[in-house]
Structures are given as structure tokens and as C-alpha cells.
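Given next are the chains, with one letter for each unit.
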Amino acid sequence: MRVAWIGWGGAALALLAGGPLNAADQAGVHYVAEELGNRTKPADAGQGASKGLSDSAVRVMSTFALSIVPDQVPAGPGGQMIKLDKSDPNKYLIPLDDARQIIRVATRSAYAEVCQLPEFEKANFDALIRSEKLRGWTAQQMMFIHALHTFATSYFAGNVKITESDAGQSESLAKEGAAAANAAKDATKDAATTITTKKLECAPGQKEKVTAAINTYVQSAPPAPPPPPPAEAAAPQAAPAPAPVAGGAN
């Protein structure tokens, strides 16, 4: 069995068999990553580098994204946490064509990141969330959409490293928690192949293309809700009338 380890911000995430991957995907994570890398061309900033991604590439990217969906979420302002049941990936996954569109939006976010346009990156993401909330996705599916956009953005911005290795000789690879981090360090012992994602480049004129593409997308999305009205200040109370003078006028 092949295992793909994701190195992302100092963390190590293990992707074993299961999730949306089929046998062909599991055997070709390296080639799928190369396909994703080959799509990162500046000329595609308007449409997104994912325009022609294969179903296999979308499934692999979805599996990566599923691995970063949190295990627990806040239950409310009290600080308590609710553990999520992630045993059934189908509760989180969305159809491939929809996932492909999310990756396309994430490509624009990645271009905004490498071109140092944080306000446009945020506007692009916010427009995505506003649009997807109107499509009737479940809470779990919205969490997946958020994770897919986050991971794909980091991937295309060159912030992800994938290590693929043969886990057939190591049962510890199937364990969670600390074992996952240790196995990531030992991956080179199992003829590992490291895939460093190809970072998008902000070529001359790219900022203008990214800005125009994101503005067009934001304008096509549902408008942002108006900000809440400012709290009205309490009306000043009238001063009490002066007390009458005892005895009246002389």
C-alpha cells in the first residue's frame, strides 16, 4: 500500500487507503501531483489552473482536503468542543464537478497570495462561501468546501510538500497521532518520493489579471450582507424642573 504524507506548516498528515481514492488514485498520487503542478500556469489566472483537471486529480485533492477537516469544533461561546464523526467521508464530500470548481476558485486565491494581494484573496474566498451557502450543502459539506479551498490555495501557492512511500513494511503507518509524525520522518527509509508543489509565479502584469478575475467573480456572487446598524446612543434625559420657591413673590 502506498502512503502520501503531507508536510504543511510543520505538520505531518497521513493519507492511507480509503476516502474518495480508488486503486488507480492510490497508485498514482505522484503523477496526480505532477498533473496539478503542470496546471499552474500564469496564463490561466482568469479561469483557474484547474480548468482541465482529471477526475483522479480532483479525487486526490479532495482526499488531501478531507484530511485537514478538524476533528472537533467549538460548541458555542463557552469554549466546549464537539467531536466530529469523520468515519463516513461521503457525509463531507461533494460531487467531483463541484469540487473542481472549488479548486478553480482556490487557484485565484493562490495567485492573489503570491502576488501579495491579501484583500483580493479574502474577497475571493468570501464570495465563494456566500455562493456555496445558497446551494443547500450540509454543515459537513461546507466544512469540506472550506478545507478544499484552504488546501488547494496552499498547494498552488507552493506551501505543501507531499512524500509518497511504501507502507507495506510498517504497521505503524496505520496509527494516528504521534505515530503519524514519526512515520513522516522515517518515510525516506521506505524508498520515499518527495513531491514539492510547484509555486505559482506573479509575472509582470499578473496582478492586473488576478485583480480583474477576482473582481469579476465577486460581482457574480451574491452580495455581502449589509453591516449591522450601529447601536443607537441612549437619548439624554431632560433635566428636572427647578423646585418652586416657598412663599411666592413679595
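What you are looking at is a predicted structure, and each value in this text was computed from that prediction instead of being measured.

A.B. asks: Help me understand helix H4 (residues 96–114) in this model?
C.D. replies: Spacing of three or four residues puts side chains on the same side of an α-helix, whose turn is 3.6 residues. With 19 residues, H4 should reach 27 Å at 1.5 Å per residue; the first-to-last C-alpha distance of 27 Å fits that figure. In terms of burial, H4 is a largely internal element, 15 of the 19 residues being buried. Once H4 finishes, glutamine 116 follows within two positions and takes phi at roughly 60°, a positive value.

A.B. asks: Looking at this structure, I do not really get the packing of aromatic side chains. What am I missing?
C.D. replies: Two numbers describe a pair of aromatic rings. These are the distance of the centres and the angle of the planes. Enumeration according to the criterion identifies three aromatic pairs in this entry. Measuring from ring centre to ring centre gives 6.2 Å for phenylalanine 151 and tyrosine 155, while their planes differ by 45°; the resulting arrangement is tilted. Here the residue phenylalanine 151 and the residue tyrosine 155 both occupy positions in helix H6 (residues 139–156), the gap between them amounting to four residues, near one helical turn. A relative accessible area of 1% means that tyrosine 155 is categorised as buried. Look at tyrosine 155 and phenylalanine 156: their rings are 5.6 Å apart centre to centre, the planes differ by 75°, and that puts the pair in the edge-to-face class. Within the aromatic cluster, the residues linked to one another by ring pairs are Phe64, Phe151, Tyr155 and Phe156. For arginine 108, the ring lying beneath its charged end belongs to tyrosine 217, and the centroid distance is 4.3 Å.

A.B. asks: Explain unusual backbone geometry here, please?
C.D. replies: Peptide bonds are trans in most cases, and residues, glycine excluded, mostly fall at negative phi. Despite not being glycine, glutamine 116 shows a phi value in the positive range, around 60°. In this fold, glutamine 116 is placed in the loop between H4 and helix H5 (118–133).

A.B. asks: Is there a simple way to explain the pattern of salt bridges in this structure?
C.D. replies: Charged atoms that come close allow side chains of opposite charge to pair. In this structure the tally under the stated criterion is six salt bridges. For aspartate 97, the salt bridge goes to arginine 100, with nearest N and O atoms at 2.7 Å. One end of the pair, aspartate 97, and the other, arginine 100, are both in helix H4, three residues apart, so they sit about a helical turn from each other. Look at aspartate 97 and you get exposed, because its relative accessible area is 55%. We classify arginine 100 as buried; its relative accessible area is 10%. The residue arginine 135 makes a salt bridge to glutamate 132 at a minimum N-O spacing of 3.4 Å. Arginine 135 sits in the partly exposed class, given a relative accessible area of 44%. With relative accessibility at 9%, the residue glutamate 132 sits in the buried group.

Criteria and thresholds
- Residues numbered from 1 in each chain as written.
- Predicted model: local features only at pLDDT ≥ 70, side-chain atom pairs only at ≥ 80, totals over all residues.
- Heavy atoms only, no water.
- Helix = DSSP H or I, 4+ residues; strand = E, 2+ residues; numbered from the N terminus.
- Expected span 1.5 Å × (residues − 1).
- Buried < 20%, exposed > 50% of the residue type's maximum accessible area, 1.4 Å probe, protein only.
- Phe/Tyr/Trp six-rings, centres within 6.5 Å; stacked < 30°, edge-to-face > 60°.
- Lys NZ or Arg CZ within 6 Å of the ring centre and 35° of its normal.
- Salt bridge = Lys/Arg side-chain N within 4 Å of Asp/Glu carboxyl O.

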